[in-house]
Structure formats: C-alpha cells, structure tokens
Amino acid sequence: MIQTVLKRDGRIVGFNEQKIAAAIRKAMLTTDAGEDNELISKMTDRVTMRGKSQMTVEEIQDMVEDELMKSSRPDVAKIYIKY
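Residues numbered from 1 in each chain as written. Predicted model: local features only at pLDDT ≥ 70, side-chain atom pairs only at ≥ 80, totals over all residues. Heavy atoms only, no water.

**Side note on the sheet that holds strand β2 (residues 12–14)**
The line we're drawing: For two strands to pair, DSSP has to find at least two bridges joining them. Helix and strand definitions here come from DSSP, where helices need a minimum of 4 consecutive H or I residues and strands a minimum of 2 consecutive E residues; each element is numbered from the N-terminal end. Every axis corresponds to a line fitted to the C-alpha atoms, with the helix fit spanning only the stretch in contact, and the corresponding angles, defined between N-to-C directions, vary from 0 to 180 degrees. Here a residue-residue contact requires only that any non-hydrogen atoms of the pair lie within 4.5 Å.
Strand order in the open sheet made by the three strands is β2-β1-β3, with mixed pairing throughout. Only two strands of the sheet have a single partner each, and these edge strands are β2 and β3 (54–56). Within the sheet, the average angular offset between the axes of one strand and its neighbour, ignoring direction, is 30°. Inspection of the sheet shows strand β1 (residues 4–6) paired to β2 by three bridges, in the antiparallel sense. Counterpart to T4 in the pairing with β2 is G14. Packing of helix α3 (residues 57–70) onto the sheet brings it into contact with β1 and β3, and relative to β3 it is tilted by some 85°.

**Some points on the pattern of salt bridges**
Here is the rule we go by: Each salt bridge in this description consists of a side-chain nitrogen of Lys or Arg and a carboxyl oxygen of Asp or Glu lying within 4 Å of one another. Partly exposed describes any residue whose relative accessible area lies between the buried limit of under 20% and the exposed limit of over 50%, with all areas from a 1.4 Å probe on protein chains only and scaled to the type maximum.
A full pass over the atoms with the stated rule returns nine salt bridges. In this structure, the salt-bridge partner of E59 is K52, at a minimum N-O distance of 3.3 Å. As a salt-bridge pair, D75 and R73 come within 3.4 Å of each other at their nearest N and O atoms. Assessed through its relative accessible area of 34%, D75 is described here as partly exposed. Several salt bridges converge on common partners, so that one network encompasses R46, R50, E67 and K70.

**Some remarks on the environment of T4**
The condition that has to hold: By the criterion applied in these results, polar contacts are pairs of N or O atoms within 3.5 Å in which, for protein atoms, one can donate a hydrogen and the other can accept it, and in which residues neighboring in sequence qualify only through two side-chain atoms.
Tracing the chain through its elements places T4 in strand β1. Note on T4: relative accessible area 24%, which makes it partly exposed. The spatial distance from the C-alpha of T4 to the C-alpha of G14 is 4.4 Å, given a sequence separation of 10 residues. Leaving out residues up to four positions away in the same chain, T4 has contacts with I12, V13, G14, F15, S53, Q54 and M55. A distance of 3.2 Å separates the side chain of T4 from the side chain of Q54, its partner in a polar contact.

**Comments concerning the side chain of T48**
Among the structural elements, T48 can be located in helix α2 (residues 37–50). Leaving out residues up to four positions away in the same chain, T48 has contacts with M1, I2, F15 and E17.

**Quick word on α2**
Worth spelling out the cut-off: Given a helix with a known number of residues, its expected span is that number minus one, times 1.5 Å. By definition, the arc is the one covered by directions from the helix axis to the C-beta atoms.
With 14 residues, α2 ought to run about 20 Å at 1.5 Å a step, and its terminal C-alpha atoms sit 20 Å apart, in line with that. Inspection of α2 places L39, I40, M43, T44, V47 and T48 among the buried residues, and these make up the whole buried set. Taken down its axis, α2 places every buried residue within 160° of arc, on the same side. For α2, the exposed residues lying more than 90 degrees away from the buried face are E38 and M49. If you follow the buried residues of α2, they end up packed against α1 (17–29) and α3. Two to three positions downstream of the cap, the backbone nitrogen of E38 sits 3.2 Å from a side-chain oxygen, assigning the N-cap of α2 to D36.

Right, dumping it as structure tokens:
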C-alpha cells in the first residue's frame, strides 16, 4: 500500500489518492462517455493497494496507465498519458 511519494524535485510527501482520482476524472471528462465514478474508485483502490510503501510519481503514473489499459475504458489511458 502506498504511503509516501517521492516527487520529481526530491521531496517526500504523504500519498493522496484523491490526486489519482482527480487526474483520471479529468481524462474521462474529455471523452464522449464522460466520467465513471465507480471505475475511478476501482482504479484508485487498485493502484493504492498494489503499490509499494514509497513510490515515485512516475511509478504511480505507470500503474494508473496499466490499470486504465486493462479496464473497460482504455480510451481514457491514452488521454491520461498526455497529462
């Protein structure tokens, strides 16, 4: 379970799963199908539970991309990657 995040500038901060949910939501809102709160929650939970106790921002982003590609909304993964 992710506890802390190593930021790009070297700081270590507490993990905030709401940041993942917000990023997925933003990507979903740019698609024709719109947002899916249930899927956002599932993706956020999977990433949070699969992660190590400390991860880099890039590692977390890669996990989100992987989960989205496996989900019913791979179109969102392509948009998420652009963020």
